[in-house]
Amino acid sequence: MPQALRWPLMLLPFALWGTAMAAMRPLLEGGTPLQVASLRLLPAGGLVLVAAMLLGRSLRVAASDWPWLLLFALVDGSLFQGLLARGLGQTGAGLGSVLIDSQPLLVALLARSLFGEAINPVGWVGLLLGLLGILCLGLPAPVLRHWWLEGPAALGEQAWSHGELWMLAAAAAMAIGTVLSRYASRQSDPVAITGWHMLIGGLPLLGGVGLAGSPLPAWSPAEWGLMAYATVLGSALAYGLFFWFANSGDLTGFTALTFLTPVFALLCGVWWLDEQLRPLQWLGALLALISVLLISRRQQLWQGGSLEQQA
């Protein structure tokens, strides 16, 4: 794939996720978390499989990959989407975004221990800068100022309510699911595995909707349009691209692009809603960009520094 095309496609999932979360938030006022999660996941899985078929990819799952696929579907499909929808309805967008976008740290640790991916000091600096960047992007300035002095108490009595815990659990589920995707596609096509895991992972969510006896949400046509956006672009296209790239290169470097998700969300607000970024948010966006640069080029930067010291 040409490098000029590869980078835009690598960035696209994170841009779509940044806007899909904003699209899902109002849907939770007229629908349950299980409804939103199942309506997002099941149709998207079918679309990914249809796309894989049209692209001439095999939909067959190797026998040795089935156990990993089922675990991948449970963790990244059922758990992640269910926890994300539940947390999104109970937490503010700022703190929730910080928690869900912190998963590259866990992915880096898992990739280091399971696949032997080198992180090195440059990579660790990049990861910490990315985390600081999303803190600046997601949290109001007064909260940050008081947090340094007072700790979590500055966020209020409900700082770590159930909503924040759901989002933190969702971030852990996505990080583990990202690693599991490599095991699930050892002998199977990664795009097909992505579609199957969404379909299989959506079944428990649909079962939960059935047990609750919930009718279809009474959404307006515009809200169904938001649901379609979150399903087709924010799930089918975004997850198809994400897991394809996650299985074809540097896992730590690629997932570090998650730090850009809130950047894309804020830029969409500036572009479409004429919102203005605060100086702290500009700083957060700059830190996120620097972190991605450091992580993606950590080997070259570290080896270059080592060679200069030897010289």
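So, here's what we can say about the structure. Source: prediction; values computed, not measured. (Residues numbered from 1 in each chain as written. Predicted model: local features only at pLDDT ≥ 70, side-chain atom pairs only at ≥ 80, totals over all residues. Heavy atoms only, no water.)

1. Quick look at the overall build of the protein
For step 1, the next point in the chain: Within the protein one finds 14 helices and zero strands.
For step 2, the next point in the chain: Taken from the N to the C terminus, the helices and strands of the protein come in the order α-α-α-α-α-α-α-α-α-α-α-α-α-α.
For step 3, the next point in the chain: A sequence separation of at least 24 residues applies to 89% of the contacts in the protein between residues at least 6 apart.
For step 4, the next point in the chain: Surface summary for the protein: the accessible area is close to 14,500 Å², and the carbon and sulfur share equals 70%. (Helix = DSSP H or I, 4+ residues; strand = E, 2+ residues; numbered from the N terminus. Contact = heavy atoms within 4.5 Å. Areas by Shrake-Rupley, 256 points an atom, 1.4 Å probe, with all protein chains shown as cover.)

2. Considering the packing of helix H9 (residues 190-212) against helix H10 (residues 221-246)
For step 1, the next point in the chain: At a minimum axis separation of 9 Å, H9 and H10 run at an interaxial angle of 130°. As the angle between them shows, H9 and H10 are arranged oblique. The element H9 and its partner H10 pack so that their crossing is right-handed. Mapping the contact onto sequence places Pro190, Val191, Thr194, His197 and Met198 in H9 and Ser235, Ala236, Tyr239, Gly240, Phe243 and Trp244 in H10.
For step 2, the next point in the chain: In the contact of H9 with H10, the residues fall into seven nonpolar, four polar and no charged. (Axes fitted to C-alpha atoms, helices over the stretch in contact; angles between N-to-C directions. Parallel < 35°, antiparallel > 145°, perpendicular 65-115°, else oblique. Left-handed = near helix turned anticlockwise from the far one by under 90°. Nonpolar A, V, L, I, M, F, W, Y, C, P; charged D, E, K, R; others polar.)

3. Concerning the nonpolar core
For step 1, the next point in the chain: Of all hydrophobic cores here, the largest spans 57 residues; its most connected members are Trp17, Val36, Phe72, Phe80, Phe242, Phe254 and Leu257.
For step 2, the next point in the chain: Sort the elements by how many residues they give to this core and H10 lands first, with 10 residues.
For step 3, the next point in the chain: With sequence-adjacent residues up to four places away left out, Phe254 is seen in contact with Met10, Phe14, Phe242, Phe245 and Ala246.
For step 4, the next point in the chain: Core analysis: the next-biggest nonpolar cluster, separate from the first, contains five residues, Ala108, Ile119, Leu127 and Ile295 among them. (Core = buried A, V, L, I, M, F, W, Y, C linked by side-chain atoms within 4.5 Å. Buried < 20%, exposed > 50% of the residue type's maximum accessible area, 1.4 Å probe, protein only.)

4. A short note on the packing of aromatic side chains
For step 1, the next point in the chain: Inspection of the entire model under this criterion finds 10 aromatic pairs.
For step 2, the next point in the chain: Taken together, a centroid distance of 4.9 Å and an interplanar angle of 75° make the contact between Trp244 and Phe245 edge-to-face.
For step 3, the next point in the chain: Note on Trp244: relative accessible area 23%, which makes it partly exposed.
For step 4, the next point in the chain: An aromatic cluster is defined as three or more aromatic residues linked by ring pairs; in this entry it consists of Phe14, Trp17, Phe72, Tyr239, Phe242 and Phe243. (Phe/Tyr/Trp six-rings, centres within 6.5 Å; stacked < 30°, edge-to-face > 60°.)

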